[in-house]
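Now for the letters of each chain:
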Amino acid sequence: MANGTADVRKLFIFTTTQNYFGLMSELWDQPLLCNCLEINNFLDDGNQMLLRVQRSDAGISFSNTIEFGDTKDKVLVFFKLRPEVITDENLHDNILVSSMLESPISSLYQAVRQVFAPMLLKDQEWSRNFDPKLQNLLSELEAGLGIVLRRSDTNLTKLKFKEDDTRGILTPSDEFQFWIEQAHRGNKQISKERANYFKELFETIAREFYNLDSLSLLEVVDLVETTQDVVDDVWRQTEHDHYPESRMLHLLDIIGGSFGRFVQKKLGTLNLWEDPYYLVKDSLKAGISICEQWVIVCNHLTGQVWQHYVPHPWKNEKYFPETLDKLGKRLEEVLAIRTIHEKFLYFLPASEEKIICLTRVFEPFTGLNPVQYNPYTEPLWKAAVSQYEKIIAPAEQKIAGKLKNYISEIQDSPQQLLQAFLKYKELVKRPTISKELMLERETLLARLVDSIKDFRLDFENRCRGIPGDASGPLSGKNLSEVVNNIVWVRQLELKVDDTIKIAEALLSDLSGFRCFHQSAEDLLDQLKLYEQEQFDDWSRDIQSGLSDSRSGLCIEASSQIMELDSNDGSLKVHYSDRLVILLREVRQLSALGFVIPAKIQQVANIAQKFCKQAIILKQVAHFYNSIDQQMIQSQRPMMLQSALAFEQIIKNSKTGSGGKSQITWDNPKELEGYIQKLQNAAERLATENRKLRKWHTTFCEKVVVLMNIDLLRHQQRWKDGLQELRTGLATVEAQCPLAWQSKWEGPEDPLQYLRGLVARALAIQNWVDKAEKQALLSETLDLSELFHPDTFLNALRQETARAVGRSVDSLKFVASWKGRLQEAKLQIKISGLLLEGCSFDGNQLSENQLDSPSVSSVLPCFMGWIPQDACGPYSPDECISLPVYTSAERDRVVTNIDVPCGGNQDQWIQCGAALFLKNQ
């Protein structure tokens, strides 16, 4: 050792430097370094606070300042806590050592994130004594450094965004945060939109990854599947520029790393050798599933799906997360060891030998954490497994005999035999036990050979049939024929593959295995060929249909969206059901791993773009085409206005200034607005129809109740029911036309109604007798005796028109209290009229006096029809036209007649003057 290194202080610096940089030669053997001025200044000068050590091609250099010219070089820094001379006593109390990699930003960020922030913010003792303001500042510092680091270029002197630089992305949460920051801080609007698009896609899993440690193993099993869907959507998106392949590769890697660390952390809380078997088994199976599934996801996406995705193909080799795969295999070994141990407990007798064996069996694994897989722990693990196998060797001999006896009892049942081998497969794999069960394994192989023959026969009998038929492939729900056939044959492939895996695991050393394996592989090839033929036939049919406008597979973005059929008036959407089926087929076949031809994919993309709007329009069209069947016949006139408004929107599907151009699929803004208008109109029509149907049903039920009431015995029940019906009608009076309300008329007093009914029936018979004697028109008539007096007056009008040889429209109705009508060919004398609101003496109207009755009788008068150009009995200036109602309720007009009033018509309008027929 050189004399300079007798200085303990320099020995500390040289040893630390040598270990950090991995130097082979000892620094103290270099005289120049031992007498280095910078080292002496740092140690002997209390004012010199810092010593920087940097390694370059020229060797090791020391400096009392930090000047970064090249950030690629690793840097080691010694610095003092206090401005003192370094001595042997304060050497380890006053010197701090820190290293820097890549950049000062990265080093500071990792130091704050990994060391100081957890200690000062999460540790109870330190956080209690740490000022809250400083805690916030520390959190802001960590967040700010992370932002800068995620946006840094390879040239770290320029903080410039470069998307391929992922050195600041250490976890999936860093990646998600990166896109959040880009969405807020992007330089261009299009970049912000793209970043926001990715941010929204990642939001599906961002929360789960941020709180990953709080999830259970089973929840993360589900998260693997969700993550697959998200990264697949990110890669396949075509709305914006593609996601960089190098960045996706890095994302897949850090996601796998997060899953691996999560599994290690969760399983690390268990004692895998001593905790209950059921708990260890379930946890290990979940951990294995997480590892296996992510390996499968990466292989499937980068090795198959993305490599064949034409808009954005994966160009590199498929990504294989090797470390995660080996961690999964390590967990499988642990599970196998624990399972074998449980089988030993089951088969070995409860004796002292068993107790001794089982207490020693896990001794080789003492001090070894099996979930900590890496190249350094692998030799230790293999040595422990080897020692473990030596310990259990004696017990295997006894278990082999017991297992042989057990299997010999059930070998005549193929299903039970297979289940037994699966149940004890970990034991059967042991060389000693496998050798002892040679005959039983031969029997199992024969059964598996028969299974392959059965699979082949079943396939050949069904492959040409129609799905769902007895002689065709088994059918599933919501699957087209091609997808159904492929799913069916895939299920057969899985059965054959499972059979092969069982044989490979337990029977590979048998003489008949090779022949069995070849037969099974041939069947697999046959099944895969059928699968490919199904897809090829489908592809040819679809591509042939693309050139046929009648196939329903053609859709043009500039075509009209819908129209009314001129033949049957039905509304048709120009988006066929075959397109909907095609979309489902493309989606399902893609999920099954098939590469969709470019032409079909292009059509599917266009169809998918308009699918949402098309489905809504089809719902509207179905509503329009079937609404008449949902209406009650008598209510259709009530819905005429709403139906016409709905139809008007359909007919006027125009856009642009002046509404000259048709709305088309490629005009999304106008299309959305038009769909909204259609939906609103359809909803209004449907709501109105539901309301009317409800009212109609309610009133029908009430009328049926009234019809079942005995009028002679239960008059009050009739009146109560009638009042309830009228109350209901009153609530809808403003919303429904009188024409419909009038259908629900009925008497309040049933006896009065019956008396009126009988009186009218007798009066009608009297009218008939007079008519037969040609004396009807010569008698004084009472219109209140008729059920429909307006019909009688109209018949008189028609008869008069025939008598004078004129049209009915050329006649007018008049009344006279002066005597007979000179201009009327046919006339009648009417009595029984009542007047309300004023009085009439036969000459003119007059106001009621205080003692006058509210309703007074009117003298008989002559009525008839005369030509429009003929003069009536009174001058128009001295008359007022009064309505004649059937009753005092004034709900039904019979006719209007001119009554002399002496002028001032407004006076009689204001007093509510009106005529009505007397009650029967």
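Under an unreviewed UniProt entry, the protein has the name Dynein cytoplasmic 2 heavy chain 1 and belongs to Gorilla gorilla gorilla.

Undergrad: Help me understand the overall build of the protein, please; the structure alone is not making it clear to me.
TA: When helices and strands are tallied, the protein shows 30 helices and 19 strands. The buried share of the protein, reckoned over its 920 residues, is 42%. Long-range contacts, defined as pairs at least 24 residues apart, comprise 66% of the intrachain contacts of the protein with a sequence gap of at least 6. Of the roughly 50800 Å² that the protein leaves accessible, carbon and sulfur atoms contribute 51%.

Undergrad: Hey, could you run me through the side chain of Ser258 in this one?
TA: As for its placement among the helices and strands, Ser258 is situated in helix 11 (residues 245–268). Other than its neighbours up to four places away in sequence, Ser258 contacts Pro172, Phe209 and Leu212.

Undergrad: Whenever I open this one, the packing of aromatic side chains confuses me. Can you help?
TA: Aromatic ring pairs are defined here through the distance separating the ring centres and the angle between the ring planes. Scanning the model with the defined rule gives 29 aromatic pairs in all. A ring pair is formed by Phe365 and Trp381, whose centres lie 5.2 Å apart and whose planes are at 35°; its orientation type is tilted. Pair noted here: Phe365 is in the loop between helix 14 (352–360) and helix 15 (378–408) and Trp381 is in helix 15, with a separation of 16 residues, a long-range link. Owing to a relative accessible area of 1%, Trp381 belongs among the buried residues under this scheme. Where Phe365 meets Tyr388, the ring centres are 5.8 Å apart and the plane angle is 50°; that geometry is what we call tilted. Note that Phe365 is positioned in the loop between helix 14 and helix 15 and Tyr388 in helix 15, a separation of 23 residues in sequence.

Undergrad: Help me out: how do you make sense of the pattern of salt bridges in this one?
TA: It is possible for side chains of opposite charge to pair when their charged atoms get near one another. Per the stated rule, a full pass over the model turns up 28 salt bridges. With its nearest N and O atoms 3.1 Å apart, the salt bridge here joins Arg890 to Glu836. Of the two residues, Arg890 is situated in the loop between strand 17 (879–885) and strand 18 (893–900) and Glu836 in strand 12 (residues 833–836); the sequence distance between them amounts to 54 residues. On the basis of relative accessible area, Glu836 is assigned to the partly exposed category, the value being 23%.

Undergrad: Can you help me understand the packing of helix 11 against helix 12 (residues 277–305) in this one?
TA: In helix packing, the relevant descriptors are the interaxial angle and the interaxial distance, both defined with respect to the helix axes. The N-to-C vectors of helix 11 and helix 12 enclose an angle of 175°; their axes lie 10 Å apart at closest approach. With respect to helix 12, the element helix 11 is oriented roughly antiparallel. Across the interface between the two elements, Leu252, Ile255, Gly256, Phe259, Phe262, Val263 and Leu267 from helix 11 touch Ser283, Leu284, Gly287, Ile290, Trp294, Cys298 and Thr302 from helix 12. Considered class by class, the residues forming the contact of helix 11 with helix 12 number 10 nonpolar, 4 polar and no charged.

Undergrad: I keep staring at the environment of Arg890 and nothing clicks. Help me out?
TA: Since its relative accessible area comes to 30%, Arg890 is described here as partly exposed. Every residue in contact with Arg890, bar those within four places of it in the chain, is listed here: Glu836, Tyr885, Gly912 and Ala914.

Undergrad: Please clarify how the packing of helix 13 (residues 322–347) against helix 15 should be interpreted in this entry.
TA: Orientation of helix 13 relative to helix 15, taken along the N-to-C sense of each, is 30°, at an axis distance of 11 Å. Our classification of the angle between helix 13 and helix 15 gives roughly parallel. Considering only the axes of helix 13 and helix 15, their crossing is left-handed. Only Glu378, Trp381, Val385, Tyr388, Ile392, Ala395, Glu396, Ile399, Lys402 and Leu403 of helix 15 make contact with helix 13, whose side of the interface consists of Arg330, Glu333, Val334, Ile337, Ile340, Phe344 and Phe347. In terms of residue class, the contact of helix 13 with helix 15 is built from 12 nonpolar, no polar and 5 charged.

Undergrad: Looking at this model, I keep getting lost on the sheet that holds strand 11 (residues 827–831). Mind explaining?
TA: The strands that make up a sheet pair up through hydrogen bonds in the backbone, lying either parallel or antiparallel. Taken together, 4 strands build an open sheet; the order of strands is 9-11-16-10 and the sheet is mixed. Two strands close off the open sheet at either side, each with one partner strand: strand 9 (780–782) and strand 10 (811–816). Taking each pair of neighbouring strands and ignoring which way they run, the sheet shows an average axis angle of 40°. In this sheet, strand 16 (residues 861–867) lies alongside strand 11 in antiparallel orientation, the contact comprising 4 bridges. Opposite Ile828, over in strand 16, you have Met863 as the bridge partner.

Undergrad: Any chance you could explain the sheet that holds strand 15 (residues 855–857) here in plain terms?
TA: Pairing within the open sheet is mixed, and its 5 strands lie in the order 15-12-19-17-18. In the strand order of this sheet, the two ends are held by strand 15 and strand 18, each with one partner. Neighbour-to-neighbour, the strand axes of the sheet open up by a mean angle of 30°, direction not taken into account.

Undergrad: Before we go on, may I ask you to explain the pairing of strand 17 in this structure?
TA: Walk down a regular strand and you will see the side chains alternate between the two sheet faces. Most of strand 17 sits out of view: 6 of its 7 residues are buried. Sheet topology note: the strand 17/strand 18 ladder contains 7 bridges and is antiparallel. Residue pairing in the sheet places Pro883 in a bridge with Asn896 of strand 18. As paired elements, strand 17 and strand 19 (residues 914–917) share 2 bridges and run parallel to each other. Following the sheet pairing, Tyr885 is matched in strand 19 by Phe916.

Undergrad: Please explain a negative patch on the surface as it appears in this structure.
TA: Where like charges cluster on the molecular surface, the negative patch consists of Glu219, Asp222, Glu225, Asp229 and Asp233. One can find Asp229 in helix 10 (residues 217–236).

What counts and what doesn't
- Think of each chain on its own: its residues are numbered from 1, step by step along the sequence as written.
- Per-residue local features of the predicted model are confined to residues with pLDDT of at least 70, and side-chain atom pairs are confined, for both listing and counting, to 80 or more; whole-chain, interface and lining totals are unaffected and use all residues.
- Excluded from the side-chain calculation are hydrogens and water; included are all heavy atoms of the structure.
- In this description a helix means any DSSP run of H or I spanning at least four residues, a strand means any run of E spanning at least two, and both kinds are numbered starting from the N terminus.
- For every residue, the accessible area (1.4 Å probe, protein chains only) is compared with the maximum for its type, and the residue is labelled buried under 20%, exposed over 50%, or partly exposed between those bounds.
- Should any heavy atoms of two residues lie within 4.5 Å, those residues are counted as being in contact.
- What sets the accessible areas is the Shrake-Rupley method with a 1.4 Å probe; for residues, cover comes only from the shown protein chains.
- We call Phe, Tyr and Trp rings a pair once their centres come within 6.5 Å, taking the six-membered ring for Trp, and we label the pair stacked below 30 degrees between planes, edge-to-face above 60, and tilted otherwise.
- The salt bridge definition used is simple: a Lys or Arg side-chain nitrogen within 4 Å of an Asp or Glu carboxyl oxygen.
- Lines fitted to C-alpha atoms define the axes, with helix axes restricted to the stretch in contact, and inter-axis angles between N-to-C directions lie between 0 and 180 degrees.
- In these notes the angle categories are as follows: under 35 degrees is roughly parallel, over 145 is roughly antiparallel, 65 to 115 is roughly perpendicular, and the rest is oblique.
- Residues were grouped as follows: Ala, Val, Leu, Ile, Met, Phe, Trp, Tyr, Cys and Pro as nonpolar; Asp, Glu, Lys and Arg as charged; and all remaining residues, including Gly, as polar.
- Handedness of each helix crossing follows the sense of rotation of the near helix against the far helix: counterclockwise by less than a right angle gives left-handed, clockwise gives right-handed.
- Pairing between two strands requires that DSSP report at least two bridges joining them.
- Patches draw on residues past 30% relative accessible area with no salt bridge. Two like charges within 9 Å are joined, as are two nonpolar side chains (Val, Leu, Ile, Met, Phe, Trp, Tyr) within 5 Å.
- When charges are counted, Lys and Arg contribute as positive and Asp and Glu as negative, whereas His and the chain ends are disregarded.
- Throughout, a charge is located at the NZ atom of Lys, the CZ atom of Arg, the CG atom of Asp or the CD atom of Glu.

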